[in-house]
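Per-entry structural report
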Amino acid sequence: MGLAPRVGLECEFVLVEGSERDAERSGWRPRPATLGNLDYALDAPGNVTAFLRELRRVLAEAGLPIEALKLEGAPGQVEVTFPFGPVERACEQHLLLKMAAKAVAERHGMSALFMAAPFTGTGSGLHLHLSLHRLDGEGAVFAPGDGEELLSQKGLEAVAGLLDVLPVTGPMWAPTVNSYRRLARDRGFAPRRATWGWDNRSCAVRVVGHGSGRRLEVRVSGADANPYLAVAAVLAGVRHGIAGGLEPPEPAVGDSYQDAKARRLPRDLASAVREFETDHIAAELFGVRVIAHLASLAGLELDHHAALVSPAEIARSFAQS
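Residues numbered from 1 in each chain as written. Predicted model: local features only at pLDDT ≥ 70, side-chain atom pairs only at ≥ 80, totals over all residues. Heavy atoms only, no water.

Enumeration according to the criterion identifies two aromatic pairs in this entry. Ring geometry for Phe-13 and Phe-51: centres 6.3 Å apart, planes at 75°, overall edge-to-face. Of the two residues, Phe-13 is situated in strand β1 (residues 3-17) and Phe-51 in helix α2 (residues 46-61); the sequence distance between them amounts to 38 residues. Neither residue differs from the other here; Phe-13 and Phe-51 are each classed as buried. An angle of 25° between the planes, with centres 4.8 Å apart, marks the rings of Phe-13 and Phe-114 as stacked. Separated by 101 residues along the polypeptide, Phe-13 in strand β1 and Phe-114 in the loop between β4 (110-113) and β5 (126-134) bring together distant segments of the chain. Residues Phe-13 and Phe-114 agree in their burial class; the two are buried. (Phe/Tyr/Trp six-rings, centres within 6.5 Å; stacked < 30°, edge-to-face > 60°. Helix = DSSP H or I, 4+ residues; strand = E, 2+ residues; numbered from the N terminus. Buried < 20%, exposed > 50% of the residue type's maximum accessible area, 1.4 Å probe, protein only.)

This is the structure in structure tokens:
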């Protein structure tokens, strides 16, 4: 199509006290390394401050300078944002970040958890910031022109494609049982429906940026997502919308969690697999072999969890008559 995507990944993860062995001894109930909401806070516990300082340094030394590194709103939560760039580079940066964060955390007596829902009530996302640029150097594709408001025509088509494709590609951007704990939260800035809007954190696709920096922030995937697969699902959705000249619905205004007309994102991994295996759009975009392979991996994940008994089930049994 003569277009080059540029992607910037924004990732959240949680720091917990101690090692994996310590977590095992606690019955897999690790303690967050900080308490309360320290979003944009100027102070943090000494070991956490030292971790942030060293993580920034080792990433820079590895040729991975970051755009932002800060504590987030949940206990122990950290957010890292990389500058936008070529797609493969963005995905590689994220994998190297995970390795670096775990290694540096260990040196400071902590562990880094890249889970979508590491604790009840906490969600960690992997947000994908996407823009398209013309190969002929004519500029950004999503920037609105004269008479256009939120997005250019191609930008609107891209949004429409994403709203079609995201609900049927769940195993690509939410690959674990835990992924859907994040999506089930009530008003936790994790989307539950295929909606879009201007600077609206309750939407699956959030339009942000100004002028040539106008871009789409796709907010569906969690910290446990494989960046290559998540980005592939997003690019397939964008291409689907542009190739088909699709038109999106009106943008959401206010709380899009309450938009009963919008399509619901998958509620759990089992339903996501069913949609993925049977949807004709997914089959056309990725082919039956890719879908069968990823569905098989999701099936292994479901089988692993099917026979496990959780502490929550035991606790509820005490209350049953």
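Before going further, it helps to spend a moment on the packing of α2 against helix α3 (residues 87-107). α3 packs onto α2 with a crossing angle of 140° between their chain directions and a minimal axis gap of 10 Å. By the angle between their axes, α2 is oblique relative to α3. The handedness of the crossing between α2 and α3 comes out as right-handed. On α3, the residues that touch Phe-51, Glu-54, Leu-55, Val-58 and Leu-59 of α2 are Leu-97, Ala-100, Ala-101, Val-104, Ala-105 and Arg-107. (Axes fitted to C-alpha atoms, helices over the stretch in contact; angles between N-to-C directions. Parallel < 35°, antiparallel > 145°, perpendicular 65-115°, else oblique. Left-handed = near helix turned anticlockwise from the far one by under 90°. Contact = heavy atoms within 4.5 Å.)

Attention now moves to the environment of Met-1. Residue position: Met-1 is located in the segment before β1. The exposed category is assigned to Met-1, whose relative accessible area is 54%. Ignoring sequence-local partners within four residues, the contact set of Met-1 consists of Arg-239, Ile-242 and Ala-243.

What follows covers unusual backbone geometry. Phi at Trp-28 is positive, roughly 60°, even though this residue is not glycine. By the secondary structure assignment, Trp-28 is in the loop between α1 (20-25) and α2. For Trp-28, a relative accessible area of 52% translates into the label exposed. Backbone geometry at Tyr-40 places phi at a positive 65°, although glycine is not the residue there. For Tyr-40, a relative accessible area of 63% translates into the label exposed.

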